[in-house]
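# Descriptive structure summary
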Amino acid sequence: MEAAKIDFQDKTKAYNKLYKFFTKNFDISSIEQLNLIENEVIKFSNNTRLWILKGYTPEELSPTTVIKKEKVGRNDPCPCGSGKKYKKCCGKK
């Protein structure tokens, strides 16, 4: 639990430093501009290859959504739409 607190504090400090840097060095007149810059910085950091990740980007290592296909039984209608049973149509070997 302590490690999570420290990590969160480090990220908060890093965010505050980044915010101070942008507000001091750039003329940001609206929240939309700030959001645009923030999105670009996040995109850049997520697509940068890191040594600690063995050359992968955080984006490449993040879990992706896998869509499970429903398994077709031998006696179910064929998914190709022929109207035949799967075993008599696409299930033939």
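Notes on the structure in this doc start here. Here the residue numbers are simple positions, counted from 1 along each chain's written sequence. Whole-chain, interface and lining totals are the exception, using all residues; otherwise, since this is a predicted model, local features are given only for residues with pLDDT of at least 70 and side-chain atom pairs are given and counted only at 80 or more. Side-chain numbers come from the whole structure's heavy atoms, not from hydrogens or water.

## Thoughts on the pattern of salt bridges
Salt bridges are defined as contacts in which a side-chain nitrogen from Lys or Arg sits within 4 Å of a carboxyl oxygen from Asp or Glu. Across all of its chains, the model carries two salt bridges by this definition. The salt bridge partner of Lys43 is Glu40, with a shortest N-O separation of 3.4 Å. On the criterion of helical spacing, the pair formed by Lys43 and Glu40 is a turn pair, its members being three residues apart in helix 2 (residues 31-46). For every residue, the accessible area (1.4 Å probe, protein chains only) is compared with the maximum for its type, and the residue is labelled buried under 20%, exposed over 50%, or partly exposed between those bounds. Looking at Glu40, the relative accessible area reads 41%, which means it is partly exposed. With a shortest N-O distance of 3.2 Å, Glu60 and Arg49 are connected by a salt bridge. Only DSSP runs of H or I covering at least 4 residues are called helices, and only runs of E covering at least 2 are called strands; the numbering of each starts at the N terminus.

## A word on the side chain of Thr57
Within the element layout of this structure, Thr57 appears in the loop between helix 2 and helix 3 (58-61). Among the residues examined, Thr57 registers a relative accessible area of 6% and is labelled buried. Whenever a nitrogen or oxygen atom comes within 3.5 Å of another N or O atom, the pair is scored as a polar contact, on the condition that within protein one atom can donate a hydrogen and the other can accept it, and that pairs from neighbouring residues in sequence are kept only if both atoms are in side chains. Engagement of the side chain of Thr57 in a polar contact is seen with the backbone nitrogen of Glu60, the distance being 3.0 Å. Residue contacts are counted whenever heavy atoms from the two residues lie within 4.5 Å of one another. Beyond its immediate sequence surroundings of up to four residues, Thr57 is in contact with Asn46, Asn47, Thr48 and Arg49.

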